[in-house]
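# Structural overview
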Amino acid sequence: MEKDGTSFCINSPQQTSVGLSQDGRSPYTGTKQFVPTTKRIAQFSEGHESKPNDKIVYVAGAFDLFHVGHLDFLEKASQYGDYLIVGIHSDPVVNRYKGSNYPIMNLHERVLSVLTNKYVSEVIIGAPYTVTMQMINDFKIDAVCHGMTPILPDVDGSDPYEIPKEIGIFHRIDSSNDLTSDMIVQRIIRNKFLFEERNKKKEAKEVYIENMIRKQ
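My aim in this report is to walk through the structure given alongside it, one point at a time. Not measured: the values here are computed from a predicted model. (Residues numbered from 1 in each chain as written. Predicted model: local features only at pLDDT ≥ 70, side-chain atom pairs only at ≥ 80, totals over all residues. Heavy atoms only, no water.)

## Some words on the overall build of the chain
This is how the line gets drawn: In DSSP terms, a helix is any run of H or I states spanning at least four residues, a strand is any run of E spanning at least two, and both are numbered starting from the N terminus. Every residue pair with non-hydrogen atoms within 4.5 Å of one another is taken to be in contact. Note on areas: Shrake-Rupley, 1.4 Å probe, and residue coverage restricted to the protein chains presented here.
Tallying secondary structure elements over the chain gives seven helices and eight strands in all. Looking at the chain alone, contacts between residues at least 24 apart form 70% of all its contacts between residues at least 6 apart. Carbon and sulfur atoms make up 53% of the accessible area of the chain, which amounts to about 12800 Å² in all.

Encoded structure:
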């Protein structure tokens with residue numbers, strides 16, 4: 001284990017953490033990870049607690065490749081109260097409902113990205129997928145919000161927002177922005193393909209010209 005003052009680089013095969021394999025690599029992103037300390041997180045955090053009369057709003061998700069769609073959603077969610085708590089799902093949970101090689105960013109990277117947003121008051125790291133009554137009571141949540149993306153069931157087939165819906169604090173938010181992390185990934189893949197095809201054509205043209213010069 002190496003210490004740089006604010007974070008630890010995991011090199012020991014015995015050391016493990018949420019979303020990391022035993023060799024310090026994420027099984028989802030496949031890269032070495034740095035585990036932030038409380039000092040590092042505090043640098044990104046707004047750093048104030050809720051007031052007794054604040055209306056607490058809760059949202060949860062992957063928030064992978066933090067983008068303008070997330071920004072618009074969090075801005076709309078913040079309008080439902082005074083103090084916005086964002087639950088960020090762990091790497092294994094995100095991989096379960098998004099599949100493939102998701103998440104692209106690991107849990108700690110996603111946490112720090114969300115904390116930079118001015119509408120976010122607090123983050124729950126590795127939040128449970130289902131919003132329980134205990135969570136609602138513990139955090140004194142008054143409103144639970146979700147965007148227009150599909151709500152996938154939990155591992156037992158249950159609706160993760162069943163309880164907030166039953167007690168009348170669940171709200172669907174239309175941020176009027178349909179950008180998703182999937183769309184960004186597909187854009188990157190498409191542009192990479194176009195870039196490679198362009199370079200192949202350019203290379204073939206250069207080889208052709210070189211051969212013609214040699215023949216002269």
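That shown, we press on.
## Here we look at the sheet that holds strand β5 (residues 83-88)
Selection rule: Two strands qualify as a pair provided that DSSP identifies no fewer than 2 bridges between them. Working convention: axes come from line fits to C-alpha atoms, limited for helices to the stretch in contact. Angles between N-to-C directions cover 0 to 180 degrees.
Pairing within the open sheet is parallel, and its five strands lie in the order β6-β5-β4-β7-β8. The strands lining the two open edges of the sheet, one partner per strand, are β6 (122-125) and β8 (170-172). In this sheet, neighbouring strand axes are inclined to one another by 25° on average, regardless of whether the strands run parallel or antiparallel. Direction of pairing for strand β7 (residues 141-146) relative to β8: parallel, over a ladder of three bridges. Pairing of V144 across the sheet is with F170, part of β8.

## Some remarks on the packing of aromatic side chains
Condition: Side-chain rings of Phe, Tyr and Trp (the six-membered ring for Trp) are treated as a pair once their centres are within 6.5 Å; stacked means planes under 30 degrees apart, edge-to-face means over 60, and tilted covers the remaining angles. Using a 1.4 Å probe on the protein chains alone, a residue whose accessible area is under 20% of its type maximum counts as buried, one over 50% counts as exposed, and one in between counts as partly exposed. By the criterion adopted, a ring carries a charge over it if an Arg CZ or a Lys NZ lies within 6 Å of its centre and within 35 degrees of its normal.
All told, the structure shown has two aromatic pairs when counted by the stated rule. When the centroid spacing of 5.1 Å and the interplanar angle of 40° are considered together, the rings of Y161 and F170 count as tilted. This pair shows no difference in class: Y161 is buried, exactly as F170 is. Above the face of the Y129 ring, R96 is positioned so that its terminal group lies 5.0 Å from the ring centre.

## Structural notes on helix α2 (residues 68-78)
For clarity, the threshold we go by: Regarding the arc, it is the one traced by the directions from the helix axis to the C-beta atoms.
Where α2 is concerned, the buried positions are G69, H70, F73, L74, A77 and S78. Buried residues of α2, viewed axially, fall in a sector of 160°; they line one side.

## Structural notes on the pairing of β7
Judged by how many residues are buried, β7 sits mostly within the fold: five of six residues are covered. As paired strands, strand β4 (residues 56-61) and β7 are joined by four bridges and run parallel to one another. Paired with V59 across the two strands is C145, which belongs to β7.

## Examining the pattern of salt bridges
Pairing of side chains with opposite charge becomes possible as their charged atoms draw close. As a reminder of what qualifies: Here, a salt bridge means any Lys or Arg side-chain nitrogen found within 4 Å of an Asp or Glu carboxyl oxygen.
Under the counting rule described, the total for this entry stands at four salt bridges. Between D91 and R110 there is a salt bridge, with its nearest N and O atoms 2.7 Å apart. Of the two residues, D91 is situated in helix α3 (residues 91-98) and R110 in helix α4 (residues 107-115); the sequence distance between them amounts to 19 residues. You'll find D91 and R110 in the same group, each marked buried.

## A short note on the nonpolar core
Note the following rule: For the purposes of this section, nonpolar cores are sets of buried Ala, Val, Leu, Ile, Met, Phe, Trp, Tyr and Cys residues that join through side-chain atoms within 4.5 Å.
If you look at the biggest cluster of nonpolar residues, it comprises 19 residues, and the most contacted ones within it are V59, F63, L74, L84, V86, I88 and V123. Listed by contribution, the elements that provide at least two residues to this core are β4, α2, β5, α4 and β7. With five residues, the top contributor of residues to this core is α4. Discounting residues that sit within four places of it in the chain, L74 has contacts with V59, F63, F66, L84, V86, N117, Y119 and V120.

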